[in-house]
Amino acid sequence: MGAIDANGFVFETEFSVTAQKGAIHVYKEGTFVEEIRFEFNGKFPQHDQIEELVNNYCYTHQRKNNDI
């Protein structure tokens, strides 16, 4: 899986098949912001699962900015 660019963020996914755990590293302007951890089943995380996590992150971040 490659990096995802969305709403000014770059999301990079890494995962361990043996542990069935993964993380999405969030960057803004090249600076690490935070890590989103998740679990999955099978040989790889489902693309839909990654996309949902990224979309939720962007939605939440956008709402926080609009509340300021």
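Rules behind the numbers
Residues numbered from 1 in each chain as written. Predicted model: local features only at pLDDT ≥ 70, side-chain atom pairs only at ≥ 80, totals over all residues. Heavy atoms only, no water. Core = buried A, V, L, I, M, F, W, Y, C linked by side-chain atoms within 4.5 Å. Buried < 20%, exposed > 50% of the residue type's maximum accessible area, 1.4 Å probe, protein only. Helix = DSSP H or I, 4+ residues; strand = E, 2+ residues; numbered from the N terminus. Contact = heavy atoms within 4.5 Å. Phe/Tyr/Trp six-rings, centres within 6.5 Å; stacked < 30°, edge-to-face > 60°. Pairing = 2+ DSSP bridges.

*Asks:* I would appreciate a short explanation of the nonpolar core in the present structure.
*Replies:* Burial of nonpolar side chains together is a common tendency in soluble globular proteins. Counting residues in each nonpolar core, the largest one holds 12 residues, listed as Ala6, Phe9, Phe11, Ile24, Val26, Ile36, Phe38, Phe40, Ile50, Val54, Tyr57 and Cys58. When contributions to this core are tallied by element, the ones reaching two or more residues are β2 (9–16), β3 (21–28), β4 (31–39) and α1 (47–66). For this core, the element with the most residues is α1, which contributes 4 residues. Non-local contacts of phenylalanine 11, meaning those with residues more than four positions away in its chain, are made with Gly2, Ala3, Ile4, Ala6, Ile24, His25, Val26, Val54, Tyr57 and Cys58.

*Asks:* Where do I start with the packing of aromatic side chains in this structure?
*Replies:* Ring pairs (aromatic) are described by centroid distance and by the angle formed between their planes. Under the definition given, this model contains 7 aromatic pairs. Ring centres of phenylalanine 9 and tyrosine 57 lie 5.4 Å apart, and the angle between their planes is 90°; on these two criteria the pair is classed as edge-to-face. Here phenylalanine 9 is found in strand β2, whereas its partner tyrosine 57 is found in helix α1, with 48 residues between them in sequence. Grouping residues by exposure puts phenylalanine 9 and tyrosine 57 together as buried. Consider the rings of tyrosine 27 and phenylalanine 32, whose centres lie 5.7 Å apart with planes at 70°: the pair is edge-to-face. A residue is classified by how much of its surface remains accessible, and tyrosine 27, at 21% relative accessible area, is partly exposed.

*Asks:* Which parts of the structure should I look at to understand the pairing of β3?
*Replies:* Here 8 bridges tie β2 to β3, and the two strands are oriented antiparallel to one another. Looking at β3, one finds that valine 10 is bridged to tyrosine 27. Counted along the chain from β2 to the antiparallel partner β3, the turn is 4 residues long, and its residue glutamine 20 has a positive phi close to 60°. In the sheet, β3 pairs with β4 via 8 bridges, with the strands oriented antiparallel. Note that in β4 the partner of tyrosine 27 across the bridge is phenylalanine 32. The antiparallel pairing of β3 with β4 creates a hairpin that spans 2 residues between the two strands, and glutamate 29 there sits at a positive phi of about 55°.

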